[in-house]
Every structure is written in structure tokens, then in C-alpha cells.
Amino acid sequence: MTPVVTVFGRKAQAAAVLLFASLWGACGGTREDFIGARVKDTCGAAWPVCDRVAGCIIGSESYSEGRFPGRQQVIVQLKEASSVKVSLFLEDVTAAGSETVMLFHEEGCRARIRRATEGRAVLDVMERQGAFTEEAELTGVGDHLIEFESDMQARYIIKVDVTPLRNR
């Protein structure tokens, strides 16, 4: 058997190793980076919140998936006044749609914060930052309803990060 070194020059071998390493390093992908060590929640439950029902409680250890166009409701539980950041990772986008809206409700739905973003702007942020995020400061303690909807055509992964306001 002929040694590989005699068939290919050392420079060609080094280039091939670098190419292979860079391609292998890309296998982790941004989807996996976005999800990290979180566990998937199918959001198939029925959790009462306000006068509605949400499919799941999302926290720092979980994520969920879905499809736009559509509307989804999740619950975030807060132990103290916090900044709540909702992040969407988009896949298989076939149409930008006209608007993506997120509603952050205080506990008991006594107040809400509405964030609306034009369809193409959502995709621009996703391309630049790797995910589309919206953030709101919620002061109440307990269950908070988070609603989001879009008319874009895509699959999404959602995760939530909570940072107590005292830590900012």
C-alpha cells in the first residue's frame, strides 16, 4: 500500500485537514448553539393563565418549536421583577409576512407591553444576530402570559431568558 504522504504533498494534506476541520466545526450549527442544553417542551398541555390557556411554561432550561403563520401562548414564571427576553430562531422561511407581534403581560394580565416588528425587519435581525429577540421589563411576581404571532411562513424555535432587574 502506498503511503498517503507520497500520493499527496504535505501542503495539500495540511490544506485538506484544515478544510475538514472547518467543515466539521460547522456541524454544530447555529440551531444547536441557539438551543444549547435546553430540553424541548411540546407545549401540548393546558395551563390556565388570566382568562386564557397556554400550552407550556417556558424557562431557562426549556424551549419549544412551532410554525408560522400562527399564534402561540406560553407562560413565564417570575420570582421577582425581571427583564424577560424572548428569542426566536427561524428556519425554512418562505415568506417574511407583514408583521410579528409579541405581547408581554404582567401577572393577572393587569397590564401588557406590545412589541411589533415589520416582517422583513425580523429576518434582517435574524440574519445579523442569529436570532430575533424582544425584551420587556415585568415587575409582578407569578405567572406571566407571553403571546406571539406572525403571518410569516417559517418554522421557529422559541426560548426565554429571565434576568432579575436587581442584577442589571
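You'll find the structure just up there.
Note that the structure is a prediction, hence the values are computed from the model and not measured.

Participant: Would you explain the pairing of strand E4 (residues 62-78) in this entry?
Facilitator: Working note: regular strand, side chains alternate between the two faces of the sheet. Bridge analysis of strand E1 (residues 39-40) against E4 gives 2 bridges, and the strand direction is parallel. Paired with lysine 40 across the strands is tyrosine 63, a residue of E4. Across 15 bridges, E4 lies against strand E9 (residues 142-164) in antiparallel orientation. Within E9, the residue paired with arginine 67 across the bridge is arginine 155.

Participant: Explain the state of the cysteines here, please?
Facilitator: Here a disulfide denotes a covalent bond joining the sulfur atom of one cysteine to the sulfur atom of another. Counted according to the given criterion, the structure contains 2 disulfides. Disulfide partner of cysteine 50: cysteine 109, at an S-S distance of 1.9 Å. On the sign convention where negative is left-handed, the bridge of cysteine 50 and cysteine 109, at about 90 degrees about the S-S bond, is right-handed. Remark: cysteine 109 occurs in the loop between strand E6 (99-105) and strand E7 (112-118) and cysteine 50 occurs in the loop between strand E2 (47-49) and strand E3 (52-54); sequence separation between them is 59 residues. Classification of cysteine 50 as partly exposed rests on a relative accessible area of 35%.

Participant: What am I meant to see in helix H4 (residues 119-129) here?
Facilitator: Each α-helix turn comprises 3.6 residues. Residues three or four places apart therefore point the same way. Turning to H4, its buried residues number three or more, namely Gly119, Val122, Leu123, Val125 and Met126. Taken end-on, H4 shows its buried residues confined to a sector of 160 degrees, consistent with a single buried face. Facing away from the buried side of H4, by more than 90 degrees, are the exposed residues Glu127 and Arg128. Tucked into the core, H4 has its buried residues touching strand E5 (82-95), E6, E7, strand E8 (132-138) and E9.

Participant: Would you mind going over the packing of aromatic side chains with me for this structure?
Facilitator: For any pair of aromatic rings, the description rests on two quantities: the centre-to-centre distance and the angle between the ring planes. All told, the structure shown has 4 aromatic pairs when counted by the stated rule. Centre to centre, the rings of phenylalanine 68 and phenylalanine 148 are 6.2 Å apart; their planes meet at 90 degrees, and the pair counts as edge-to-face. Taken as a pair, phenylalanine 68 in strand E4 and phenylalanine 148 in strand E9 lie far apart in primary sequence, 80 residues in all. Residue classification places phenylalanine 148 among the buried residues on the basis of a relative accessible area of 1%. In this structure an aromatic cluster arises from ring pairing among Phe68, Phe148 and Tyr156. Geometry around phenylalanine 34 places lysine 159 over its ring, the cationic atom sitting 4.4 Å from the centre.

Participant: Where do I start with unusual backbone geometry in this structure?
Facilitator: Residues other than glycine predominantly adopt negative phi, and peptide bonds predominantly adopt the trans conformation. Following phenylalanine 68, the chain continues into proline 69 via a peptide bond in cis, with omega recorded as 5 degrees. Relative to the assigned elements, proline 69 resides in strand E4. We note that cysteine 50 has phi near 55 degrees; this positive angle belongs to a residue other than glycine. With a phi angle near 50 degrees, aspartate 92 is a residue other than glycine that sits in the positive phi range. Summarising the element assignment, aspartate 92 is placed in strand E5.

Participant: Explain the environment of glycine 119 here, please?
Facilitator: Inspection of the secondary structure assignment puts glycine 119 in helix H4. Each C-alpha atom, one on glycine 119 and one on threonine 100, is 6.2 Å from the other, the two residues being 19 residues apart in sequence.

Participant: It is not clear to me how the pairing of E9 should be interpreted in this structure. Could you clarify?
Facilitator: Judged from the 11 bridges that link them, E5 and E9 form a sheet pairing that is antiparallel. Following the sheet pairing, valine 86 is matched in E9 by valine 160. Bridging between E6 and E9 involves 5 bridges; their strand directions are antiparallel. In the strand pairing of E9, leucine 103 is matched with glutamate 147.

About the thresholds
- Residues numbered from 1 in each chain as written.
- Predicted model: local features only at pLDDT ≥ 70, side-chain atom pairs only at ≥ 80, totals over all residues.
- Heavy atoms only, no water.
- Pairing = 2+ DSSP bridges.
- Helix = DSSP H or I, 4+ residues; strand = E, 2+ residues; numbered from the N terminus.
- Disulfide = S-S within 2.5 Å.
- Buried < 20%, exposed > 50% of the residue type's maximum accessible area, 1.4 Å probe, protein only.
- Arc of directions from axis to C-beta.
- Contact = heavy atoms within 4.5 Å.
- Phe/Tyr/Trp six-rings, centres within 6.5 Å; stacked < 30°, edge-to-face > 60°.
- Lys NZ or Arg CZ within 6 Å of the ring centre and 35° of its normal.

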